[in-house]
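Here is how the chains run, residue by residue.
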Amino acid sequence: QVQLVESGGGSVQAGGSLRLSCAASENTYSNRCMGWFRQAPGKEREGVAFIYTGGGSTFYADSVKGRFTISQDNAKRTVVLQMNSLKPEDTAMYYCAADRRVGGGYCWAGDFRYWGQGTQVTVST
């Protein structure tokens, strides 16, 4: 059974915007960390942005702070990553992920075991 379904990738020119969405089942959403990792060819996977769905605390990589915003919609069991002022360096496969634990509020220490299928983001000069 699919637990995380993400959408919203695509191709834009530098300076443009994209919005990614990740829909979760009930037992992979409430009171846990959710967000996105990304991985470009030849590079390590890195955390991008996360939100603790139990209280709304957000966490951003320094490279995206001020440009990306993560938010939650509890009714839809969905987290959304709004990406503005995109740069070519943002080009990567983006994977939604959810912590396997309930109540782990510090997302940089998350134990991410549930994953979306990935969506490609390409930013051209």
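Our structure is the block above this text.
Residues numbered from 1 in each chain as written. Predicted model: local features only at pLDDT ≥ 70, side-chain atom pairs only at ≥ 80, totals over all residues. Heavy atoms only, no water.

### Examining the pattern of salt bridges
Part 1: Applying the stated criterion across every chain, the model contains six salt bridges.
Part 2: Notably, a salt bridge pairs D99 with R101, separated by 2.9 Å at the nearest N-O pair.
Part 3: Of the charged contacts in the structure, one is a salt bridge between R113 and D111, with a shortest N-O distance of 2.8 Å.
Part 4: D111 sits in the partly exposed class, given a relative accessible area of 21%.
Part 5: One salt-bridge network, held together by shared partners, links R38, E46, R67 and D90. (Salt bridge = Lys/Arg side-chain N within 4 Å of Asp/Glu carboxyl O. Buried < 20%, exposed > 50% of the residue type's maximum accessible area, 1.4 Å probe, protein only.)

### Some points on the sheet that holds strand 8 (residues 78-83)
Part 1: Strand order in the open sheet made by the four strands is 1-3-8-7, with antiparallel pairing throughout. Among the strands making up the open sheet, the edge pair consists of strand 1 (4-7) and strand 7 (68-73). Going from strand to strand, the sheet's axes swing by 15° on average, the running direction of each strand aside.
Part 2: Here six bridges tie strand 3 (residues 18-24) to strand 8, and the two strands are oriented antiparallel to one another. Counted as the bridge partner of L20 is L81 from strand 8. (Pairing = 2+ DSSP bridges. Helix = DSSP H or I, 4+ residues; strand = E, 2+ residues; numbered from the N terminus. Axes fitted to C-alpha atoms, helices over the stretch in contact; angles between N-to-C directions.)

### Things to note about the environment of Y60
Part 1: In this structure, Y60 sits in strand 6 (residues 58-60).
Part 2: With a relative accessible area of 17%, Y60 lands in the buried category.
Part 3: Among all residues touching Y60, those that are not within four sequence positions of it are V48, A49, K65, F68, T69, I70 and W108.
Part 4: Within the structure, the side chain of Y60 is placed 2.9 Å from the backbone nitrogen of I70, a separation counted as a polar contact. (Contact = heavy atoms within 4.5 Å. Polar contact = N/O pair within 3.5 Å; in protein donor to acceptor, adjacent residues only side chain to side chain.)

### Some points on unusual backbone geometry
What is expected of a backbone is that most residues other than glycine have negative phi and most peptide bonds are trans.
Part 1: Residues other than glycine seldom take positive phi values, yet N31 does so here, at roughly 55°.
Part 2: Within the fold, N31 resides in the loop between strand 3 and strand 4 (33-39).
Part 3: Although it is not a glycine, R77 sits at a positive phi angle of roughly 50°.
Part 4: For R77, a relative accessible area of 34% puts it in the partly exposed group.

### Some remarks on the pairing of strand 4
Part 1: Most of strand 4 sits inside the fold, with six of its seven residues counted as buried.
Part 2: Counting the residues between successive antiparallel strands, the hairpin from strand 4 to strand 5 (residues 46-52) contains six residues, one of them, G42, with a positive phi of roughly 80°.
Part 3: By the bridge criterion, six bridges tie strand 4 to strand 9 (residues 92-99) in an arrangement that is antiparallel. Its bridge partner lying in strand 9, M34 is registered against A98.

### A look at the side chain of T28
Part 1: As for its placement among the helices and strands, T28 is situated in the loop between strand 3 and strand 4.
Part 2: Side chain to side chain, T28 and S25 meet in a polar contact 2.9 Å long.
Part 3: Other than its neighbours up to four places away in sequence, T28 contacts Q3, L4, M34, A98 and Y114.

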